[in-house]
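Close look at the chain arrangement
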Protein chains: 2
Amino acid sequence: MGFAETFKALGDPVRREILLLLRRGQLSAGEIGSHFDMTGATISYHLSILKKADLVFETREKNYIYYGLNTSVVEEVMLWLSQLKGE
Amino acid sequence: MGFAETFKALGDPVRREILLLLRRGQLSAGEIGSHFDMTGATISYHLSILKKADLVFETREKNYIYYGLNTSVVEEVMLWLSQLKGE
DNA sequence: ACGGTATTTAGAAAAATATCTAAATACTTG
DNA sequence: CAAGTATTTAGATATTTTTCTAAATACCGT
């Protein structure tokens, strides 16, 4: 919701890696998990945090849940950061 | 040094507030601390994390240590984020 | 409805983080 | 050099976060 959650979500390297994976398009939870040496449960936990932070959205299809990047929130973070540099 | 530390540093609300305080110019550790309901030791801890993340620099003068914003690292974070959106 | 696959939830353990108090360091000035 | 102020470091504690295993839920195809 707020910046607090979004910045916190971006603070974890696994979650940033997940976001990078999603640049090319949506991936299922399983496909995301296959890129990491962690259990599906852990990936699910990270996805839930990214979702709470509104950095990703999910769409359900057949037996899968696909995750995609929410770039508008990325914009908002950049906007917050931009107030730190020059006026 | 790397993004890991920088993003982690940005993940804490107290540290983000400190960065906002520094927009207008350098402040001593004590001046920064006076804006928060925390001990100086805790503020010092947060400043050390911001320093490790290269988000702030310090300059010593007389009896004080002044902290200032390092905007170039803010730029780098924005650059990292920009790869998530578009192209 | 059943069996199988995908994903999440619950609960617990381990690791990291934020905070405090008290002590140490650093610097300034008389 | 001693006293005073500013800041950091050390050590302890409480909280939060990350991760796992095991169980639960959800959805598909036969």
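Presented here is an overview of the structure given in this document.

Conventions and cut-offs
Residues numbered from 1 in each chain as written. Chains lettered and ligands numbered in written order. Predicted model: local features only at pLDDT ≥ 70, side-chain atom pairs only at ≥ 80, totals over all residues. Heavy atoms only, no water. Least-squares fit on C-alpha atoms with pLDDT ≥ 70 in both. Contact = heavy atoms within 4.5 Å. Axes fitted to C-alpha atoms, helices over the stretch in contact; angles between N-to-C directions. Helix = DSSP H or I, 4+ residues; strand = E, 2+ residues; numbered from the N terminus. Parallel < 35°, antiparallel > 145°, perpendicular 65-115°, else oblique. Near = heavy atom within 4 Å. Polar contact = N/O pair within 3.5 Å; in protein donor to acceptor, adjacent residues only side chain to side chain. Nonpolar A, V, L, I, M, F, W, Y, C, P; charged D, E, K, R; others polar. Expected span 1.5 Å × (residues − 1). Buried area = accessible area lost by both parts, 1.4 Å probe. Salt bridge = Lys/Arg side-chain N within 4 Å of Asp/Glu carboxyl O.

Observations concerning the relation of the copies chain A and chain B
Least-squares fitting of chain A to chain B yields an RMSD of 0.1 Å, with the superposition described by an axial translation of 0.0 Å and a rotation of 180°. Such values leave the two copies arranged in the relation of a two-fold axis. Residue by residue, 100% of the interface of chain A is reproduced at the interface of chain B, so both copies engage with the same surface.

Quick notes on the packing of helix H5 (residues 71-82) of chain A against helix H5 (residues 71-82) of chain B
Orientation of H5 of chain A relative to H5 of chain B, taken along the N-to-C sense of each, is 170°, at an axis distance of 10 Å. Taken as axis vectors, H5 of chain A and H5 of chain B run roughly antiparallel relative to one another. Contact with H5 of chain A, carried on its side by Val74, Val77, Met78, Leu81 and Ser82 of chain A, involves Val74, Val77, Met78, Leu81 and Ser82 of chain B of H5 of chain B and no other residues of that element.

Thoughts on the protein's contact with DNA strand D
Around DNA strand D lies a shell of 22 residues, among which Lys8, Thr42 and His46 of chain A together with Gly30 and Tyr67 of chain B are the nearest. Sugar and phosphate atoms form 75% of the subset of DNA strand D atoms that lie within 4 Å of the protein. In the model, a phosphate oxygen of DNA strand D is placed 3.1 Å from a nitrogen or oxygen of the threonine 39 of chain A main chain. Between DNA strand D and serine 44 of chain B there is a distance of 2.9 Å, counted from a phosphate oxygen to a side-chain nitrogen or oxygen. Those elements that provide at least two residues to the surface near DNA strand D are helix H4 (40-52) of chain A together with helix H3 (29-33), helix H4 (40-52) and strand E3 (64-69) of chain B. In terms of residue count, H4 of chain A provides more of the surface near DNA strand D than any other element does, five residues in total. Among the residues forming the surface near DNA strand D, the class breakdown is nine nonpolar, nine polar and four charged.

A look at H5 of chain A
In a regular helix each residue adds 1.5 Å, so 12 residues correspond to 16 Å; H5 of chain A covers 17 Å between its end C-alpha atoms and thus fits that length. Considering only its buried residues, H5 of chain A is in contact with helix H1 (3-10) of chain A together with helix H1 (3-10), helix H2 (13-21) and H5 of chain B.

A short note on the interface of chain A and chain B
Facing the 22 residues of chain A at the interface are 22 residues of chain B. Buried area between chain A and chain B, summed over both chains or domains, comes out near 2,100 Å², and the portion from carbon and sulfur atoms is 77%. The tally of links from chain A across to chain B stands at two salt bridges. A salt bridge links lysine 85 of chain B to glutamate 75 of chain A, with the shortest nitrogen-to-oxygen separation between them at 3.6 Å. Ranked by residues supplied to the side of chain A that touches chain B, first place goes to H5 of chain A with eight residues. Looking at side-chain class alone, the side of chain A that touches chain B contains 13 nonpolar, four polar and five charged residues.

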